[in-house]
Amino acid sequence: MRQMKVKGANSKEVSERPTTSSQGPTYALPMIPLPEIVVFPGSITPVLVGRQKSLRAMEEAFANDSPVFMVLQRSPTIMEPKQSDLYEIGTVADLLQPMRLPDGSVRVLAEGRFRARLVEIARSEPFYLAVVEEMAETYEQDSEVMALERLVRQKFEQVVQGSRSLSPDVLMTLSTVDDPIRISDLIASLMDLKPTEKQDLLETLSVKERLQKLAALLERELQIIDLEKRIESKVREGVSASQREFILRERLKAIQEELGERDIFAAEVEELREKVAKLKLPDEARERALKEIERLEKIPPMSPETGVIRTYLDWLLGLPWNKRTRDNLDIERAQRILDEDHYGLKDVKERILEFLAVRKLTDKTKGPILCFIGPPGVGKTSIGKSIARAMGRKFIRMSLGGIRDEAEIRGHRRTYVGALPGRIIQGIRQAGTKNPVFMLDEIDKLGVDWRGDPAAALLEALDPEQNNAFSDHYIEVPFDLSEVLFILTGNVTDTIPPALRDRLEIINFPGYTEDEKVQISVRHLIPKNLESHGLKREHLTITEPALRHIIRHYTQEAGVRNLERQIQGIMRKVAVQVAKGKEVSVKVTPTNLSKFLGPPKFRLGEAEEQDEVGVATALAWTGVGGDVLSVEVALLEGNGKLVLTGQLGEVMQESAKAALTYARSVISRLGIVDRFTEKTDLHIHVPAGAIPKDGPSAGITIAVALISALLGLPVRREVGMTGEITLRGKVLPVGGVKEKLIGAHRAGLKVVILPKENEKDLQDLPPKVLRELQLVFVKHMDEVLPVVLKGFPEKLQTMVTTPAVA
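Residues numbered from 1 in each chain as written. Predicted model: local features only at pLDDT ≥ 70, side-chain atom pairs only at ≥ 80, totals over all residues. Heavy atoms only, no water.

Engineer: What should I look at first to understand the overall build of the protein in this one?
Structural biologist: Tallying secondary structure elements over the protein gives 27 helices and 28 strands in all. The proportion of buried residues among the 806 residues of the protein is 47%. Long-range pairs, those at least 24 residues apart, make up 72% of the contacts in the protein with a sequence separation of at least 6. Total accessible area on the protein stands at roughly 40700 Å², and carbon and sulfur atoms take up 49% of it. (Helix = DSSP H or I, 4+ residues; strand = E, 2+ residues; numbered from the N terminus. Buried < 20%, exposed > 50% of the residue type's maximum accessible area, 1.4 Å probe, protein only. Contact = heavy atoms within 4.5 Å. Areas by Shrake-Rupley, 256 points an atom, 1.4 Å probe, with all protein chains shown as cover.)

Engineer: Got a minute to help me understand the pairing of strand β18 (residues 615-622) in this structure?
Structural biologist: Along any regular strand the residues' side chains alternate between the sheet's two faces. Counted residue by residue, β18 has 6 buried out of 8 residues, so it is predominantly covered. Of the strand pairs in this sheet, β18 and strand β23 (residues 719-721) are connected by 2 bridges, and their pairing is parallel. Within β23, the position partnered with A618 by the bridge is M721. (Pairing = 2+ DSSP bridges.)

Engineer: When you look at the packing of aromatic side chains in this model, what are you seeing that I'm missing?
Structural biologist: To describe a pair of aromatic rings, one takes the distance between the centres and the angle between the planes. Inspection of every chain in the model, using the stated rule, returns 4 aromatic pairs. With 5.1 Å between their ring centres and 55° between their planes, W321 and F479 make a pair best called tilted. Of this pair, W321 sits in the loop between α10 (304-318) and α11 (331-341) while F479 sits in the loop between α16 (454-461) and β13 (485-490), and the two are 158 residues apart along the sequence. Residue W321 shares its accessibility class with F479, and that shared class is buried. The ring of Y87 has R74 lying over it, and the distance from NZ or CZ to the ring centre is 4.5 Å. (Phe/Tyr/Trp six-rings, centres within 6.5 Å; stacked < 30°, edge-to-face > 60°. Lys NZ or Arg CZ within 6 Å of the ring centre and 35° of its normal.)

Engineer: I tried to follow helix α13 (residues 380-391) on my own but got confused; where do I start?
Structural biologist: Residues spaced three or four apart along an α-helix point in a common direction, a consequence of the helix completing one turn every 3.6 residues. Here α13 spans 17 Å end to end across 12 residues, near enough to the 16 Å set by a 1.5 Å rise per residue. Looking at α13, one finds that the buried residues are K380, I383, G384, S386, I387, A388, A390 and M391. Of the surrounding secondary structure, the elements contacted by the buried residues of α13 are α11, α12 (346-362), β10 (369-373), β11 (395-399), β12 (437-441) and β13. (Expected span 1.5 Å × (residues − 1).)

Engineer: I keep staring at a negative patch on the surface and nothing clicks. Help me out?
Structural biologist: A cluster of acidic residues, D347, E350, E354 and D764, forms a negative patch at the surface. With respect to the secondary-structure elements, D347 resides in helix α12. (Patch = residues over 30% accessible without salt bridge, like charges linked within 9 Å, V, L, I, M, F, W, Y side chains within 5 Å. Salt bridge = Lys/Arg side-chain N within 4 Å of Asp/Glu carboxyl O. Lys, Arg positive; Asp, Glu negative; His and termini not counted. Charge placed at Lys NZ, Arg CZ, Asp CG, Glu CD.)

Engineer: Where do I start with the packing of helix α18 (residues 514-532) against helix α19 (residues 544-553) in this structure?
Structural biologist: The packing of two helices is summarised by the inter-axis angle and the distance between the axes. At a minimum axis distance of 10 Å, the contact between α18 and α19 shows a crossing angle of 115°. In the packing of α18 onto α19, the handedness of the crossing is right-handed. Facing E514, D515, K517, V518, S521, V522 and I526 of α18, the residues of α19 in contact are E544, L547, R548, I551 and R552. Split by residue class, the contact of α18 with α19 holds 5 nonpolar, 1 polar and 6 charged. (Axes fitted to C-alpha atoms, helices over the stretch in contact; angles between N-to-C directions. Left-handed = near helix turned anticlockwise from the far one by under 90°. Nonpolar A, V, L, I, M, F, W, Y, C, P; charged D, E, K, R; others polar.)

Engineer: Help me out: how do you make sense of the pattern of salt bridges in this one?
Structural biologist: Two side chains bearing opposite charge may form a pair once their charged atoms approach each other closely. Inspection of the entire model under this criterion finds 40 salt bridges. In this structure, K208 and E144 form a salt bridge, with 3.4 Å as the shortest nitrogen-oxygen distance. Here K208 is found in helix α6 (residues 207-238), whereas its partner E144 is found in helix α2 (residues 143-162), with 64 residues between them in sequence. Overall, the relative accessible area of 26% leaves K208 in the partly exposed class. For E144, a relative accessible area of 39% corresponds to the partly exposed category.

Engineer: Looking at this model, I keep getting lost on the environment of L749. Mind explaining?
Structural biologist: Counting through the fold element by element, L749 comes out in the loop between α24 (737-747) and β26 (751-755). We classify L749 as buried; its relative accessible area is 3%. A sequence separation of 141 residues divides L749 from E608, and the C-alpha atoms of the two residues are 9.1 Å apart.

Engineer: Teacher, can you tell me more about the environment of I89 here?
Structural biologist: Tracing the backbone through its elements, the reader meets I89 in strand β7 (residues 89-100). Between the alpha carbons of I89 and E203 there is a distance of 6.0 Å; along the sequence they are 114 residues apart. Ignoring any residue separated from it by four or fewer positions in sequence, one finds I89 in contact with V71, A116, R117, M135, Q199, L202 and E203.

Engineer: How should I be thinking about unusual backbone geometry in this particular structure?
Structural biologist: Trans peptide bonds make up the majority, and among non-glycine residues the majority have a negative phi. Geometrically, the link from E125 to P126 is a cis peptide bond, its omega value of -5° lying close to zero. If you trace the backbone, P126 turns up in the loop between β8 (106-123) and β9 (129-134). Its identity as a non-glycine residue notwithstanding, Q97 has a phi of 50°, on the positive side. Using a relative accessible area of 61% as the deciding quantity, one classes Q97 as exposed.

Engineer: How should I be thinking about the packing of α18 against helix α20 (residues 561-579) in this particular structure?
Structural biologist: The N-to-C vectors of α18 and α20 enclose an angle of 45°; their axes lie 10 Å apart at closest approach. One finds that α18 runs oblique with respect to α20. Considering how the two elements wind past one another, α18 and α20 form a crossing that is right-handed. Of α20, the residues touching α18 (which contributes K517, S521, L525, I526, K528, N529 and L530) are L563, E564, I567, Q568 and M571. A breakdown of the residues in the contact of α18 with α20 according to their chemical character gives 6 nonpolar, 3 polar and 3 charged. (Parallel < 35°, antiparallel > 145°, perpendicular 65-115°, else oblique.)

Engineer: I'm lost on α24 in this one. Help?
Structural biologist: Most of α24 is tucked away: 9 of the 11 residues are buried. If you check which residues of α24 are buried, you get V737, K738, E739, K740, L741, I742, G743, A744 and A747. Of the residues one or two after α24, G748 is the one with positive phi, at around 95°.

Below is the structure:
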């Protein structure tokens, strides 16, 4: 044995020549732990070296022309093994032909020299230095060893002939070896064995015992090869050579038969048949399901079409074809639930109770298609949940805002990759019943583009005469939607197509009055937010005047969303004090409200402070409620122009021109000199200038302001008015009377002039407003002037009719 020159544990020379002990020579060598490879003496094995310590051990070996000690790890996942993590027996080997790879690792050939036992790891840094002891192999040349050697040679030749991984050239190499020790090690290194099996052969020092173990392993390998041939023979009888995927599946099936296992795919098909038999499907749905199961059974399991059919069957069998919840038809209970959850909304509640009453009496009625139209935040979506709770039904909400593809509603054809049913069928499956309350939110915000019109796709679903056989493009089987209670919501009806609008029962949400907002705050918003903020009633009290101040000066909306945000802002500030451990009992009033919410953000219109010439008060109706506006008229020198300012819309400008024509006719009829000449300009202005205004309802107000300016008579500041005017002075009806009167009452007006035809619109007004406002109903402008113009000449009053006062 040649000289082995390596360094010891304390960086000193341990030995330049092997030392001899009672067992065998010992050496201090660089060590390379192997995760899953066993190197045998006399064989050349490729090894991939990648760990830093192993690379340094390899470099040390090449630098000193020294062999290394290679040993198998007990667990391949350990990156820095200790001595207890390694097997005791390994191989001393020379390293040949190193080749560095792009990832930094090195591929090297390891030529085994002899077996060795790991005595200790003398050093772990910068590489493993192991003290190893050479192991002597026992060998007795007798007839039994010769017989075992011959048996092993024969079986190995049979394995090579039947194996696809071993080259026949190895038999030529084996024929040149006549030493039983080398034969056993060479065959062990060539066989496809587990690392632990190879390690067991390496640790077997007796050549006879090693040959016996090797013969048993070779016999097992021959049995496996024979089994593979029989399996392949079975498969080849039923398929052609070109169907590779099918061959692999048939092989697996044959293996399962040998093991006595059941075919998983066949079991799945049988399970689907049993599911169809248990479900009470309509005839058409059952026929379609069975047809698809037959297709699934004939298609190879690995075919892409298999996944498509499985997904389709999952959707088809997952729909609630005959599952429904039982309606709770207790009218009093339903009314109590609706009143608990929402304040006001009388029309909506009445319509739901009517539906329940008819359903209770007939037990067979098609669900109505309700459409709630109103400004944001008035409770359109939340009352849908209350309706579902009152009826004992499941609730599903689907937002239609921004949907532009018709397939979103009716699904995609199954020919498309990743096709799915439409949103309606998805919602029905999510509900798990065929009679949920289905809310289609934001119906007025549907889009249209080249992919189709979603609104048109809704026509079938929302038509009570057709939706008992709704056809989804994906399911392709009619589904009964007639028991679904559809509720649509939107802000406006203008953008809803006429054909769809015709199928809807529209219920308008006009927006909450100030009194209703106060009641909603007291009954719902404050208790709910006290709980969500972890506060108790004794921590915070918000007075009713404070609530009204918040509504008037910190919010400007028809609903209550911003009102709730302001209440939450107050509660967060109180919660900070409570969280600090302070004793808190806050009472919010109008005087201290700014401490919580800052200065007021909005200003409401108020009655004028004094009677003025050319200034009249109009009543306005906005999306956030009623308000009052001042109409100002000024005469000045010029060239006879009519100037209109205040961001007036086209309709309001035309109304101003009509009012001017009427005013000039009145001046002429009364025999008064017309002050609006070619040298006089007439300027009409409606504050605030930054807010756009439109509509005809300010016609009589503009006429009054013009006549006041032309006659020089002041207008009574406590009088407000609304109504459209014609050239002949007739006063026509207007909308939003309820909101306008509430706004007039809030602004401090005492008298309101209304068109006679609006007398019927006073039913829903709060009693307090009716008590404190004097309402004057008129048919003609001649009835208006004596009421609003202060100091109207008595001799002129005989020319007008007496107004009707309520």
